[in-house]
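# A look at the structure
Each chain, letter by letter, is given below.
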Amino acid sequence: MSLVREFTVVIEQNEDGIYVASVPELPGCHTRAETLDEVNIRIKEAIELYFEVKPKNKRQKAVAVILSLLSPHPPASRLR
């Protein structure tokens, strides 16, 4: 049985034009990239890695991850 989880992803653009993405529900889960497409790919990878490195007694298997993106810069979309 696989567990599907949905996470809120906050994407901001810093003063240098770099996109920074974080997942408030997952402490320390964040990444950055030069484009929205790349930051979306990287944050999905970061979420998957977050669960891979958790101790086994607390580990949750997230086979499919659906991300809700909140961004001050359109377009906001869902990753699949």
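See the structure above.
What comes next concerns the included structure. From a predicted model like this one, the values you see are computed outputs, not experimental measurements.

## Re the pairing of strand β3 (residues 30-33)
With burial as the criterion, only one face of β3 is covered, namely that bearing Thr31 and Ala33; the residues His30 and Arg32 on the opposite face remain uncovered. Where strand β2 (residues 19-22) meets β3, 4 bridges bridge the pair, whose relative direction is antiparallel. Counterpart to Ser22 in the pairing with β3 is His30.

## Notes on the packing of aromatic side chains
For the structure on display, the rule yields 2 aromatic pairs. Measuring from ring centre to ring centre gives 5.8 Å for Phe7 and Phe51, while their planes differ by 35 degrees; the resulting arrangement is tilted. Of the two residues, Phe7 is situated in strand β1 (residues 3-13) and Phe51 in helix α1 (residues 36-53); the sequence distance between them amounts to 44 residues. Judged by centre distance (5.4 Å) and plane angle (80 degrees), the rings of Tyr50 and Phe51 are edge-to-face. Judged by its relative accessible area of 5%, Phe51 falls in the buried class. Put simply, the rings of Phe7, Tyr50 and Phe51 touch in pairs and so form one group of aromatic residues.

## Re α1
Between its first and last C-alpha atoms α1 spans 26 Å; for 18 residues at 1.5 Å apiece the expected length is 26 Å, and the two agree. Restricting attention to buried positions, one finds in α1 the residues Leu36, Val39, Asn40, Ile43, Ala46, Ile47, Tyr50 and Phe51. Axial view of α1: buried residues confined to an arc of 125 degrees, hence all on one face. Residues of α1 that are exposed and point more than 90 degrees away from the buried face comprise Asp37 and Val53.

About the criteria used
Here the residue numbering is sequential within each chain, running from 1 through the sequence in written order. For this predicted model, a pLDDT threshold of at least 70 governs which residues receive local features, and a threshold of 80 or more governs which side-chain atom pairs are given and counted, while totals over whole chains, interfaces and linings are taken from all residues. Water and hydrogen atoms play no part in the side-chain values, which are based on all heavy atoms of the structure. The rule is simple: take the accessible area with a 1.4 Å probe, protein chains only, and divide by the maximum for that residue type; under 20% is buried, over 50% is exposed, in between is partly exposed. Secondary structure counts use DSSP, requiring at least four H or I residues in a row for a helix and at least two E residues in a row for a strand, with both numbered from the N terminus. We call two strands paired when DSSP finds no fewer than two bridges between them. Between 30 and 60 degrees the pair is tilted, below 30 it is stacked and above 60 it is edge-to-face, where a pair is any two Phe, Tyr or Trp rings, Trp via its six-membered ring, whose centres lie within 6.5 Å. Each residue after the first adds 1.5 Å to the expected span of a helix. Arc, as used here, means the arc of the directions from the helix axis to the C-beta atoms.

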